[in-house]
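# Overview (structure and organization)
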Amino acid sequence: MVLSMDEIINAVCLHQAERKGVKPTDVTVELNWDEDTGYTAEVWVHDRSQYLIEANLMEAILRYLNSEYSIRAYREQVRLELEDEIIAVVSQ
C-alpha cells in the first residue's frame, strides 16, 4: 500500500489536531526532505509553527493507517520515499 503526499499531510493534520485540541482544518502542514535532516514537516496551528521530525511523521502515519484503513502497522512496515513527491510505502 502507498500513501500519497496528500494522505501523509492529512495524517499529520488529524494527529496534530487531536494533540492540540483544534479542528483539522486549523492545521497547515508542509512536508520537506533535506539531505542533512531527512524527512520533516513544518506545522502551523493558529499562527504558531512547530517542526516535526521523521519519528513524529511515522507516529501520525501509523495512527492514520489504524483509524482510516483499520490497518495495525508497525514502524518497521512503513518507509518514507522521495519520488515526484514524498510518499509512504506500507508493507503488510
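These numbers come from a predicted model, not from an experiment.

## Some points on helix H2 (residues 54-69)
For H2, with 16 residues, the first-to-last C-alpha span of 21 Å sits near the 22 Å given by 1.5 Å per residue. Within H2, burial applies to Leu57, Met58, Ala60, Ile61, Leu62, Tyr64 and Leu65. Looking one or two places after H2, you find Ser70, whose phi comes out positive at around 55 degrees.

## Description of the pattern of salt bridges
According to the stated counting rule, one finds 4 salt bridges in the structure shown. The closest approach of N and O atoms between Arg63 and Glu18, which form a salt bridge, is 2.5 Å. Of this pair, Arg63 sits in helix H2 while Glu18 sits in helix H1 (residues 5-20), placing them 45 residues apart in sequence. Note that Arg75 is salt-bridged to Glu54, the shortest N-O span being 3.3 Å. Remark: Glu54 occurs in helix H2 and Arg75 occurs in the loop between H2 and strand S5 (78-82); sequence separation between them is 21 residues.

## Notes on the side chain of Gln16
Secondary-structure assignment places Gln16 in helix H1. Ignoring any residue separated from it by four or fewer positions in sequence, one finds Gln16 in contact with Val27, Val43, Gln50 and Leu52.

## Observations regarding the sheet that holds strand S6 (residues 86-90)
Spatially, the 3 strands line up as an open sheet ordered S1-S6-S5, and their pairing is antiparallel. Taken across any chain shown, the strands that pair with only one partner, and hence form the sheet edges, are strand S1 (2-3) and S5. Alignment of S5 against S6, held across 5 bridges, turns out to be antiparallel. Bridge assignment links Glu81 to a residue of S6, and that residue is Ile87. Where H2 meets the sheet, it contacts S1, S5 and S6, and its direction lies at approximately 115 degrees from that of S5.

Cut-offs applied
- Residues numbered from 1 in each chain as written.
- Predicted model: local features only at pLDDT ≥ 70, side-chain atom pairs only at ≥ 80, totals over all residues.
- Heavy atoms only, no water.
- Helix = DSSP H or I, 4+ residues; strand = E, 2+ residues; numbered from the N terminus.
- Expected span 1.5 Å × (residues − 1).
- Buried < 20%, exposed > 50% of the residue type's maximum accessible area, 1.4 Å probe, protein only.
- Salt bridge = Lys/Arg side-chain N within 4 Å of Asp/Glu carboxyl O.
- Contact = heavy atoms within 4.5 Å.
- Pairing = 2+ DSSP bridges.
- Axes fitted to C-alpha atoms, helices over the stretch in contact; angles between N-to-C directions.

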